[in-house]
Every structure is written in C-alpha cells, then in structure tokens.
Amino acid sequence: NSNATKTLSQAIVTASVADVILIQNIKISHSTNNFAWGIAILGDGTVIKDNDIGYCAFDGITIQSGIQGFSIINNFIHNNTQSGIEIQATTAYGGLIAFNIFYANGADGINSAQNGSGAIPNFIIGNTFDSNTGDGYEWSAATIAQASALFLNNIFSNNTGYGLNFSNASHTSAYLSAQNIIVD
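Residues numbered from 1 in each chain as written. Predicted model: local features only at pLDDT ≥ 70, side-chain atom pairs only at ≥ 80, totals over all residues. Heavy atoms only, no water.

Here the focus is the overall build of the protein. Counting its secondary structure elements, the protein contains zero helices and 21 strands. Of all 184 residues assigned to the protein, the portion counted as buried reaches 46%. Of all intrachain contacts in the protein linking residues separated by at least 6 positions in sequence, the fraction that spans at least 24 positions is 77%. For the protein, the exposed surface amounts to about 7900 Å²; the carbon and sulfur share of it is 54%. (Helix = DSSP H or I, 4+ residues; strand = E, 2+ residues; numbered from the N terminus. Buried < 20%, exposed > 50% of the residue type's maximum accessible area, 1.4 Å probe, protein only. Contact = heavy atoms within 4.5 Å. Areas by Shrake-Rupley, 256 points an atom, 1.4 Å probe, with all protein chains shown as cover.)

In structure tokens, the structure reads:
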C-alpha cells in the first residue's frame with residue numbers, strides 16, 4: 001500500500017472480546033509509508049510487548065474506552081504525529097504500562113482522557129518519556145477518581161510541556177506518584 005491509501009488505516013486492531021491477545025516483536029515504523037494509527041486496543045487482556053511503533057499519522061496506540069487488564073511492556077513508541085498512547089474517555093483500568101520508551105511524539109508521550117476509576121488503578125512503571133512535543137504524560141479528563149493511577153520509577157526529560165500534567169482545573173488528589181525523576 002502507498003501512504004495515500006492508508007489515510008485512515010490501522011496496522012493492528014484487537015478483537016472486542018475478552019480474550020488475551022499478544023502482539024510481540026512487530027515493527028510498525030516507516031518514516032515515509034505510515035499508518036494513521038499503529039495499534040487499536042478494543043478488547044480486554046491485550047498484551048503489547050517488545051515492539052517498535054512509530055511514524056503514525058495519529059497515535060501509536062489507542063486504548064478504547066472501558067478496556068480492562070491491558071499490558072504495554074518494553075516498546076519503543078516514537079515519532080508519532082500525535083501521542084504515543086491515547087487512552088480514550090471513561091475508564092480503562094487495571095492496565096500496566098511498563099518499561100517503554102516514549103520519544104519525540106508530536107503531542108504527549110501518553111494522553112489520558114480517562115475520567116473514572118476502576119477497581120484497580122493503571123500502573124505506569126519504569127518508563128522513559130523523552131523529547132515529546134507536548135507533555136510526558138497528560139491527564140486531560142475533567143474528573144478523576146481517587147487512586148486512578150500509580151506512577152513509579154519513571155523518567156520524564158526534555159519534553160516541551162510538563163513531565164506529568166494533570167491539565168484539567170477540577171483535578172484533586174487522583175493519583176499516587178513515587179520515585180519518579182522529572183528533568184526540565
């Protein structure tokens with residue numbers, strides 16, 4: 001396919017059923033022949049591990065509303081026109097985002113519009129957010145319930161915006177954060 005035929009294409013779309021799907025050792029990264037989105041998570045239990053996801057016209061990974069138990073581990077997510085990961089509105093919980101590198105994305109490393117809290121928070125552990133045009137991690141939802149995410153041992157450096165940005169004025173104590181390194 002040419003770049004023009006992929007205007008609204010997705011490289012990989014997971015099923016919208018509650019099965020475990022493993023996406024591993026895939027390269028979705030070409031600077032001149034790119035997809036609109038890299039991976040769309042539509043089903044619970046999806047595992048995205050050891051991949052190179054870059055140069056998408058929009059987001060590298062999109063997590064659909066209401067997804068539970070996803071894992072995004074040890075990926076290089078870079079040079080996407082928008083965010084590395086977009087977590088869509090309403091709850092997406094019980095997820096693990098760990099040991100990834102978010103580099104030089106056109107918006108945020110991760111943008112979360114998640115506006116509620118599930119039984120289990122999302123765990124954001126051991127990631128590097130570097131040189132993103134927006135924030136390292138932006139939580140843009142209007143409301144966030146208590147303990148919606150745990151940030152542990154992440155590195156935020158050289159992002160044009162903030163390392164961690166809870167950008168809506170109505171945010172209260174909605175997250176747990178420990179031992180993160182934020183460098184401006």
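Any aromatic ring pair is given by two values, namely how distant the centres are and how the planes are angled relative to each other. Scanning the model with the defined rule gives five aromatic pairs in all. Seen from their ring centres, Phe102 and Phe129 are 4.8 Å apart, and the 5° between their planes marks the pair as stacked. In this pair, Phe102 is assigned in strand 12 (residues 101–103) and Phe129 in strand 15 (residues 128–130), connecting sequence segments 27 residues apart. Assigned by exposure class, Phe102 and Phe129 land together as buried. Summarising the aromatic geometry, the rings of Phe129 and Phe156 are spaced 4.8 Å apart at their centres and angled 5° between planes, so their arrangement reads as stacked. (Phe/Tyr/Trp six-rings, centres within 6.5 Å; stacked < 30°, edge-to-face > 60°.)

We now examine the environment of Pro121. Mapped onto the secondary structure, Pro121 falls in the loop between strand 13 (110–112) and strand 14 (122–125). Taking relative accessible area as the criterion, Pro121 reaches 21% and is therefore assigned partly exposed. Counting along the chain gives 27 residues from Pro121 to Gly94, while the straight-line C-alpha distance between them is 5.3 Å.

It is worth stressing that arrangement in space is one thing and function is another; only the former is reported here.
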